[in-house]
Structure formats: C-alpha cells, structure tokens
Amino acid sequence: MDGQWFPEPRRSVAFIGSECYPFVKTGGLGDVMYALPKALVAQNCDVKVILPKYRCIPWEYQEKMVYRGSFQMDLCADGRSFFVGIMEYVWDGVVYDFIENDEFFGYGNPYTNLIDDLPRFCFFSKAALAALNYMNWVPDVIHCHDWQAALVPVYLRTMFDQTPLAHAKTMLTIHNLRFQGIYDVRTIRYWTGLPDYVFNKDALLQNWVDANLFKGGLTYANMITTVSGTYAGEIQTAYYGEGLDAHLRYHSGKLRGIINGIDYGMWNPATDNKLAAPYDITNVLQRKPANKHALQEELGLAQDDHMFVIGLISRLTNQKGLDLVNAILPELMDGHTQIVVLGTGDAEYENAFRTYESWYRGSVCSSIMYDEGRAHRIYAGADALLVPSQFEPCGLTQLIAMHYGTIPIVRETGGLKDTVEPFNTITGWGNGFTFDHYDAGLLLDAINRAKTHYFTNRWCWDEMVQRDMDKDVSWENSAIQYRALYMELTQ
Ligand code: ADP
C-alpha cells in the first residue's frame, strides 16, 4: 500500500478541570482549558470539557446551556448522596459539560478557602466520572488538570473500576505544584468515601496525618505532564518540588513536559478590538507608539513617547517575584521610565504598589483589579513586560507579550527559561532579557540592560520586537505533542 496516505486515528479526550475561559478564569489554567481543546479538535480529536457550573459564569453562556440529564450520586463515607445535573454547551467544535449542584457551586468564586474547596472538588471529581458514565461516553483518555481534578484517576481505578469508563487512560497535568489540596485524613476519607487502602504513604497519605489529593492523583494517573520541560526537571528537586520531589522522582518514568501556547484568536494584535491602534508585524513600529500614548492617557501617566514603559500583569503573590520588584522599584525611577502594574492578590503587594503609585504619580500606575481589556492594552502599549518569578511552571504573560512585540524581562526558571532566549550582544540574537538567581540586584541589572539597549540601540531593539512577533507561540505544536502522548497511552 506504498504511497497511500492514512489519516491519524481519531482520539477522544475528556478534559476535567476547575476553570476555563470565557466562563470562569483566574489564571493560566483557564487559558489552557480553553485553547488546548480547540487546538486538539484541529488535530483530529473529539473533546469534551467538564467544568463546575459556578454561579459566577456570565449569564450570556448560562442561558445557552442545554439540560443533558441529572441523577443522585453517593459521595461521602456515610453514604450521603448529592444531586448531579449536567448542562451542555457546544462551541467551536468543543462540547462543554457543566456539573451542576447548588450546594457546592451555587455561590461565590471558584476558589474560596480550603475548607469549602475540598468537599466541592471531591464532589466534582467523582461527579465528572459519573456524568461520563451517565452520558455513555467512554473517551480514550481522561485528561485532568491540577489538584482540583486529581482525584479523578484515583476514583477511576477504585470505585469506577467495574464501569465501562475503566477502559479510559488518565493523564494528570501539573499547572502549578504549589497548590495540592492537603487536609487531614479523617476529613478527606469522609468526603471522598474512598477505600482505606488508598490512604497509604505511596498514594494519598502524607506525613501520616494528612491526605494530599494531588499526590494520590500522581500515583494513579497513567501519565503525568507539566507545562514546560524545565519545570518537569525542577519539580524533582527539593527547591521546586513543594514536598513532592521524591514522589515525582519515583514517578519520573511517566512524567513529561510540554510547553503551553497562546490562542491566536484571543491574542492577536492585528484584530484586537480592545486596542487603540491594532497592528501587525509590518506596521508595529509605526503603530505601537499610538498604543503607548493611549495607555498613558488611560492610566493618567505623563504622555511621552520617549518613556520606557514596563508592564507587570500578574497575580500578586510571592510566586511572582514581587519582593524583587518592590526592592528595586525606586531605583527604576530615573525620569525616563514608567511602570504599569495590573493585578490582584496578597494585601502586602497590593498596598506596596498603591504606595509606589502615590509616591511616583505620573510615572507609576497600579491597577489593583482584574481587567481583561486593560491587560490587552498593556501588552500592546508597554515596551517591556516583567516576569521575575520565583518559580513559573510555564507562564503565559511572556508569550503574549512577545506576540504583541513587547520585550520580556524574565527570570530563567520553568517555562520562562524554555521560551525566552536571552539577548546576546555579540550575535544580536535573542527574544528578551533574563537573569538567573532570585536576586533583586540581578533583576535590576537585567532591566538596566534592556533600558540601555532601548535608548542607545533602538534599531537592534526594533529588530527584536519584530523577531518576537514572528516567533511561533501558538498551541499547534503543543497540541501535536499532547496528541502524540494520547496515542502512546492508547496504543
Ligand atoms: P498564572 O496562571 O500563574 O496566574 P500565567 O502567566 O500562566 O500565570 O497566566 C496569567 C493569565 O492571567 C494571563 O492570561 C494574564 O494576562 C492574566 N492575568 C493575570 N492577572 C490579570 C489581571 N489582573 N487582569 C487581567 N488579566 C490578568
């Protein structure tokens, strides 16, 4: 049959996770849950995405959902049972099934506090599997994301072992190992109703008194992935391993790293209607200044094209290297630099950035809020974007920045290291400015190198802007790699 072309066999995948843009998003996980399924559909996969039906999902989506069915499900160790509703929404070739239960998801935001979140995500993990069985849909692979869905492989190999779904293979992706879902064994045993034998030190048990949902998921999953090759190595060390480094070293044979991409439909400077002056690689140098000007006006900064504008778009937590930024921010104030912060999070950082804004009015603007539109305008209007993280599994902001012709200044860790090639003064090549050790002086040095380059070698800077816009940071490559793993799992 030489010369005859056989299409790749189709694979079906169920994504299970706690957030997904545009329904609900608090960070990069929401972007991935939106973009990767779409990219997989283009790679000959059938994809269903299973999500909680939070009350905060915008009404424009809730009103389009269609009732798919409902049933009662046993959950707790004492046999307490709960209502499970399934509401469906089909969009762009992807089927979204929302798990409904007002007791767990009928209030507030996706994450509140561990005491409330643990029972709701125990319920969600089991209900997602029960819903697949109810719909009679047995996928080739069940792809789970982060600790909120980590019990799925555990349930599948225990309580769902005798159901049709048991044929499916499981993949668990680590988007951020810092959050693991740890609570005392008694409580978890009650809420999950799982058999005693899973509470052993090779699975859920940790320190003899706690149960760790992520740890259990890593044990039972057929394959573990994380969102960059560097992070896959880092989490096997004590510094980055968040207490699970030995467990991950033990399971390293089934651990892989695949870098995230960004959705070119959602992030496209040429068609972005949130921008003052949309642009592409051919006219970025002419049009970016108009976006900078509009951003300065929107934020009440001095309107001056010659300023070096540095953006920071981030959750304000200690993961993101904000101690370093706080330590050096006054030293950046040289009359030629403006800092634009967008983020929410820990009060200490929110207050520090508010204080800097009041000290350096006209040069520093701190938007302590979550605002998608403003994020787009900062990516377009800033000259550089700061990502000095302590650890960063993949990081999306540096990818978006590059795609918008904004030069990243990053610490060489996790996905930042894998995606930003440091600028080399000899070859003139590279995508951004980097520093290695977690040190404020090194961050300052990297920013000063970027600044010097911007002010004294603009031609070379502009070349880097265009090179970054040209770099392929789409999902396509990553989707091909995920698909290859699904094939490997289901040979
Ligand atoms: P993480 O998932 O650790 O929060 P990522 O870099 O992977 O970090 O993803 C962050 C995503 O959230 C990006 O799409 C970024 O633009 C967005 N984002 C973060 N903070 C804000 C904010 N305050 N307003 C709007 N978007 C934000």
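1. What about the overall build of the chain?
Right, so step 1: Secondary structure summary: the chain contains 18 helices and 18 strands in total.
Right, so step 2: Viewed in the frame of its principal axes, the chain has a C-alpha envelope of about 70 × 60 × 45 Å.
Right, so step 3: Residue burial in the chain is summarised as follows: out of 491 residues, 59% are buried.
Right, so step 4: Long-range contacts, defined here as pairs at least 24 residues apart, represent 72% of the contacts in the chain between residues at least 6 apart.
Right, so step 5: Surface exposure of the chain reaches about 19300 Å², of which carbon and sulfur atoms provide 50%.
Right, so step 6: Computed over 40 positive and 58 negative side-chain charges, the inter-centroid distance for the chain is 3 Å.

2. Looking at the packing of aromatic side chains
Right, so step 1: According to the stated counting rule, one finds 41 aromatic pairs in the structure shown.
Right, so step 2: Relative to Tyr34, the ring of Tyr21 has its centre 5.3 Å away and its plane inclined at 75°; by these criteria the two rings are edge-to-face. Of this pair, Tyr21 sits in the loop between strand E1 (11-16) and helix H1 (28-41) while Tyr34 sits in helix H1; the two residues are 13 residues apart in sequence, bridging distant segments of the chain.
Right, so step 3: Under the relative-accessibility criterion, Tyr21 is labelled partly exposed at 22%.
Right, so step 4: Taking NZ or CZ as reference, Lys48 lies 5.3 Å from the ring centre of Trp137, over its face.

3. Some words on the side chain of Thr317
Right, so step 1: On the secondary structure map, Thr317 appears in the loop between strand E13 (308-313) and helix H11 (322-332).
Right, so step 2: Exposure remark for Thr317: the relative accessible area of 17% places this residue in the buried category.
Right, so step 3: Apart from the residues lying within four places of it in its own chain, the contact partners of Thr317 are Leu322, Asp346 and Tyr349.

4. Quick notes on the site of the ligand
Right, so step 1: Near the ligand there are 20 residues, and of these Gly28, Asp31, Arg315, Lys320 and Tyr379 occur at the shortest range.
Right, so step 2: Take Gly28: an N or O atom from its main chain is 2.6 Å from an oxygen atom of the ligand.
Right, so step 3: Between the ligand and the protein, one listed contact pairs a nitrogen atom with a backbone N or O atom of Met369 at 2.9 Å.
Right, so step 4: In isolation the ligand offers 570 Å² of accessible surface; the protein chains occlude 92% of this area.
Right, so step 5: Put simply, the parts of the chain that give the shell around the ligand at least two residues each are H1, helix H13 (372-381) and helix H14 (397-403).
Right, so step 6: Counting residues per element, the shell around the ligand draws most heavily on H13, which supplies three residues.
Right, so step 7: Tallied by class, residues from the shell around the ligand come to eight nonpolar, six polar and six charged.
Right, so step 8: Each of domain 1 (11-261 + 476-489) and domain 2 (284-472) contributes no fewer than three residues to the shell around the ligand.

5. Side note on the domain arrangement of the chain
Right, so step 1: Domain boundaries in the chain define domain 1 (11-261 + 476-489) and domain 2 (284-472).
Right, so step 2: On a C-alpha basis, the centres of domain 1 and domain 2 stand 33 Å from each other.
Right, so step 3: Here domain 1 packs against domain 2, burying approximately 1600 Å² in sum over the two surfaces, 52% of which is carbon and sulfur.
Right, so step 4: Counting the surface domain 1 buries against domain 2, the share from its top three residues, Arg178, Thr230 and Tyr240, is 25%.
Right, so step 5: Where domain 1 touches domain 2, the interface holds one salt bridge.
Right, so step 6: Close ionic contact of Lys25 with Glu372 constitutes a salt bridge, the shortest N to O distance being 3.4 Å.
Right, so step 7: At the boundary of domain 1 and domain 2, one finds eleven residue pairs in polar contact (both at pLDDT 80 or more).
Right, so step 8: The greatest single-element share of the side of domain 1 that touches domain 2, amounting to four residues, is contributed by helix H8 (residues 229-234).
Right, so step 9: Residues of the side of domain 1 that touches domain 2, tallied by class, amount to seven nonpolar, ten polar and five charged.

6. Re the pattern of salt bridges
Right, so step 1: Under the criterion given, the structure shown has 22 salt bridges.
Right, so step 2: In this structure, Glu100 and Lys53 form a salt bridge, with 3.3 Å as the shortest nitrogen-oxygen distance. With a gap of 47 residues between them, Glu100 in strand E5 (residues 94-100) and Lys53 in the loop between strand E2 (45-52) and helix H2 (59-62) connect regions that are remote in the sequence.
Right, so step 3: Residue classification places Glu100 among the partly exposed residues on the basis of a relative accessible area of 21%.
Right, so step 4: Asp245 is paired through a salt bridge with Arg249; the nearest N and O atoms lie 3.2 Å apart. On the criterion of helical spacing, the pair formed by Asp245 and Arg249 is a turn pair, its members being four residues apart in helix H9 (residues 245-250).
Right, so step 5: Relative accessible area serves as the criterion here: at 13%, Asp245 is assigned to the buried category.
Right, so step 6: Here the salt bridges share partners, and the residues they tie into one network are Lys48, Arg68, Glu88 and Asp97.

7. Observations concerning the environment of Ile409
Right, so step 1: Position of Ile409 relative to the elements: it lies in strand E17 (residues 407-411).
Right, so step 2: Leaving out residues up to four positions away in the same chain, Ile409 has contacts with Ala384, Leu385, Leu386, Val387, Pro388, Phe433, Ala446, Ile447 and Ala450.

8. Topic: the nonpolar core
Right, so step 1: Among the nonpolar cores identified, the biggest contains 168 residues, and Tyr96, Phe123, Ile142 and Phe353 are the most heavily contacted of them.
Right, so step 2: A total of eleven residues in this core trace back to one element, the largest contributor, which is helix H4 (residues 114-134).
Right, so step 3: Among residues more than four places away in sequence, those in contact with Ile142 are Ala14, Ile16, Leu129, Leu132, Val152, Leu156, Leu165, Ala168, Lys169, Thr170 and Met171.

Each value, and the rule that gives it
Residues numbered from 1 in each chain as written. Predicted model: local features only at pLDDT ≥ 70, side-chain atom pairs only at ≥ 80, totals over all residues. Heavy atoms only, no water. Helix = DSSP H or I, 4+ residues; strand = E, 2+ residues; numbered from the N terminus. Buried < 20%, exposed > 50% of the residue type's maximum accessible area, 1.4 Å probe, protein only. Contact = heavy atoms within 4.5 Å. Areas by Shrake-Rupley, 256 points an atom, 1.4 Å probe, with all protein chains shown as cover. Lys, Arg positive; Asp, Glu negative; His and termini not counted. Charge placed at Lys NZ, Arg CZ, Asp CG, Glu CD. Phe/Tyr/Trp six-rings, centres within 6.5 Å; stacked < 30°, edge-to-face > 60°. Lys NZ or Arg CZ within 6 Å of the ring centre and 35° of its normal. Near = heavy atom within 4 Å. Polar contact = N/O pair within 3.5 Å; in protein donor to acceptor, adjacent residues only side chain to side chain. Nonpolar A, V, L, I, M, F, W, Y, C, P; charged D, E, K, R; others polar. Domains from an automatic or database assignment. Buried area = accessible area lost by both parts, 1.4 Å probe. Salt bridge = Lys/Arg side-chain N within 4 Å of Asp/Glu carboxyl O. Core = buried A, V, L, I, M, F, W, Y, C linked by side-chain atoms within 4.5 Å.

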